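# Geometric and topological summary
What follows is the residue order along each chain.
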Amino acid sequence: MPTYAPRLLPLALLGTVIAGCAGDTDTRLAPAPSARPTTHQPAGPERPATTPVFLRAADPPGKTRASTAAKTVALTFDADMTADQGARAARGERFDNPTLISSLRRLEVPSTIFMTGRWAEEYPFQAREIGSDPLFEVANHSYSHHSFTANCHGLPVLRKKDMAADVERAFRAFREAGVRQVVPYFRFPGGCYDQSALRTLAPAGLTAVQWDVVSGDAFATDADAVAEQVLAEVRPGSLVVMHCTTSAAPVTDEAVRMIVPALRERGYRFVKVSELMKG
């Protein structure tokens, strides 16, 4: 398999794509080096000044978008639940999607689940089951699903001094739920971040994981349209953002059951983010 070299993008080339539960913003920075898939890493003098950001596996030298080499793709799923949505869950709103998880198992699709701590608290059995299945790895999507920048699709905003504690609280919720296979990756709620947030989280030793393919599954009602959008955008090394939240992404399972066989027919192999980083 060819080795993927990191693609470095300066801050001046930041791009924005809207999708996601409250709208996910793709702010593109430099991909990070491979991170050890165990848990978040302790701070130390060797940590970078800012949190590295991984967008996708870069094309091997000399390869083009049409290349058939190294056809790997990572499907990622955000298990969103905002800290103040407990009352809605108590009234029966479903922020989980067990049918989707069952489909991923049946189709044998390795996947990375970006989970909020609040989701793990609401669905501890599911969180533990996902985190104990070697098919999956669990990454941090914050505790509260509050934004780390201002003006992020209407999400409540965390104060800078509370950001690191919010991330650690999510890891603590994972431990208390018995979640294993936790990887040192973080996805900003709404996909929104800036250099200040990256500097603030740097001591945690995490890699921020974004994406290059927006599925459009958030609030979608047409599974065919979601599948078509993903199939049109995926290329070797792509990282796809989707959701594991029935109330906000009701057609994701149906779309995945179309996407997976179609990409396999094209010769793609599904991998977790940890493998995609390795190239």
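For clarity, every value in this text was computed on a predicted model and none was experimentally measured. Here, residues in each chain are numbered from 1, in the same order as that chain's written sequence. Confidence filtering applies because this is a predicted model: local features only for residues at pLDDT of at least 70, side-chain atom pairs given and counted only at 80 or more, and all residues used for totals across whole chains, interfaces and linings. Hydrogens and waters are ignored; side-chain quantities use all the structure's heavy atoms.

## Some details on a negative patch on the surface
Surface patches are defined over residues having more than 30% relative accessible area and no salt bridge, joining like charges when they lie within 9 Å and nonpolar side chains (Val, Leu, Ile, Met, Phe, Trp, Tyr) when within 5 Å. All accessible areas in this document rest on Shrake-Rupley with a 1.4 Å probe, and a residue is counted as covered only by the protein chains that are shown. Think of a salt bridge as a Lys or Arg side-chain nitrogen and an Asp or Glu carboxyl oxygen that are within 4 Å of each other. Only four residue types enter the tally: Lys and Arg on the positive side, Asp and Glu on the negative side, with His and both chain ends excluded. Charge positions are represented by NZ for Lys, CZ for Arg, CG for Asp and CD for Glu. Together, Asp222, Asp224, Glu228 and Glu254 line one region of the surface with negative charge. Position of Glu254 among the secondary structure elements: in helix α8 (residues 252-265). We classify Glu254 as partly exposed; its relative accessible area is 41%. Per the convention used, a helix needs a DSSP run of H or I reaching at least four residues, while a strand needs a run of E reaching at least two, with both numbered from the N terminus. Each residue gets one of three labels from its accessible area relative to the maximum for its type: buried under 20%, exposed over 50%, partly exposed in between, using a 1.4 Å probe on protein chains only.

## Side note on the confidence of the model for the chain
Per-residue confidence for the chain gives a mean pLDDT of 85; residues scoring 70 or more make up 79%. When the criterion is pLDDT under 50, residues 1-44 qualifies, and its contacts beyond four places in sequence or with other chains add up to 142 contacts. For every residue, the predictor states its confidence as a pLDDT score lying anywhere from 0 to 100. Contact criterion: two residues are considered in contact whenever any of their non-hydrogen atoms come within 4.5 Å of each other.

## A few points about the nonpolar core
In terms of nonpolar packing, the biggest core is built from 60 residues, with Phe77, Met115, Trp119, Phe148 and Phe188 touching the most fellow members. Here the element with the most residues in this core is helix α5 (residues 163-177); it accounts for 6 residues. Excluding residues that lie within four positions of it along the chain, Phe148 makes contacts with Ser142, Leu158, Met163, Asp166, Val167, Phe186, Phe188, Pro189, Cys192, Ala197 and Leu201. By nonpolar core is meant a set of buried Ala, Val, Leu, Ile, Met, Phe, Trp, Tyr and Cys residues that side-chain atoms within 4.5 Å join together. By size, the runner-up hydrophobic cluster in this structure holds 16 residues, among which are Ala57, Val209, Val241 and Met277.

## Remarks on helix α4 (residues 124-132)
Within α4 the residues assigned to the buried category are Gln126, Ala127, Ile130 and Gly131. Buried residues of α4 fall within an arc of 125 degrees about the axis and therefore sit on the same side. Lining the buried residues of α4 we find α2 (98-107), β5 (111-115), α3 (117-122), β6 (136-140) and α5. The reported arc concerns the directions from the helix axis to the C-beta atoms and nothing else.

## A few points about the environment of Met115
Position of Met115 relative to the elements: it lies in strand β5. For Met115 and Arg187, which are 72 residues apart along the polypeptide, the C-alpha to C-alpha distance reads 9.0 Å. In this structure Met115 touches Ala79, Ala120, Ala127, Val138, Ala139, Asn140, His141, Ser142 and Phe174, once residues within four positions along its chain are discounted.

## Here's the deal with the packing of α2 against α8
Here an axis means a line fitted to C-alpha atoms, over the contact stretch when the element is a helix, while the angle between two N-to-C directions is reported on a 0 to 180 degree scale. It is at 9 Å that the axes of α2 and α8 come closest, and there the two elements cross at 20 degrees. When the interaxial angle is binned, α2 and α8 end up roughly parallel. Crossing handedness for the pair α2 and α8: right-handed. In contact with Thr99, Leu100, Ser103, Leu104, Arg106 and Leu107 of α2, α8 contributes Thr252, Asp253, Val256, Arg257, Val260 and Arg264. Think of it as three bins: nonpolar holds Ala, Val, Leu, Ile, Met, Phe, Trp, Tyr, Cys and Pro, charged holds Asp, Glu, Lys and Arg, and polar takes everything else, Gly as well. Classifying every residue of the contact of α2 with α8 by side-chain character gives 5 nonpolar, 3 polar and 4 charged. Working definition: roughly parallel below 35 degrees, roughly antiparallel above 145 degrees, roughly perpendicular at 65 to 115 degrees, and oblique for all remaining angles. Throughout, a crossing is termed right-handed when the near helix is turned clockwise from the far one, and left-handed when it is turned anticlockwise from it by less than a right angle.

## What about the pattern of salt bridges?
Tallied over the entire structure, the rule returns 11 salt bridges. A salt bridge links Lys161 to Asp162; the nearest nitrogen and oxygen atoms lie 3.6 Å apart. Under the relative-accessibility criterion, Asp162 is labelled partly exposed at 24%. A single network of salt bridges, built from pairs that share partners, joins Arg159, Lys161 and Asp162.

## Points about the environment of Val240
Within the element layout of this structure, Val240 appears in strand β10 (residues 238-243). For Val240, a relative accessible area of 0% puts it in the buried group. In this structure, the C-alpha to C-alpha distance between Val240 and Ser215, residues 25 residues apart in sequence, is 6.6 Å. Residues in contact with Val240, not counting those within four places in the same chain, are Val73, Ala74, Leu75, Thr76, Val213, Ser215, Val230 and Val234.

## Considerations on the state of the cysteines
Every disulfide links exactly two cysteines, by a covalent bond between their sulfur atoms. We call a pair of cysteine sulfur atoms a disulfide when they lie within 2.5 Å. In total, this model carries 1 disulfide according to the counting rule given. Between the sulfur atoms of Cys152 and its disulfide mate Cys192 the distance is 2.1 Å. The chirality of the disulfide connecting Cys152 with Cys192 is right-handed, given an S-S dihedral of about 80 degrees. Taken as a pair, Cys152 in the loop between β6 and α5 and Cys192 in the loop between β7 (182-186) and α6 (195-201) lie far apart in primary sequence, 40 residues in all. Cys192 shares its class with Cys152; the two are buried.

## Some points on unusual backbone geometry
Although it is not a glycine, Asn151 sits at a positive phi angle of roughly 55 degrees. Tracing the backbone shows Asn151 in the loop between β6 and α5. Positioned with a positive phi, Gln181 is a non-glycine residue whose angle comes to about 55 degrees. Residue placement: Gln181 occurs in the loop between α5 and β7.

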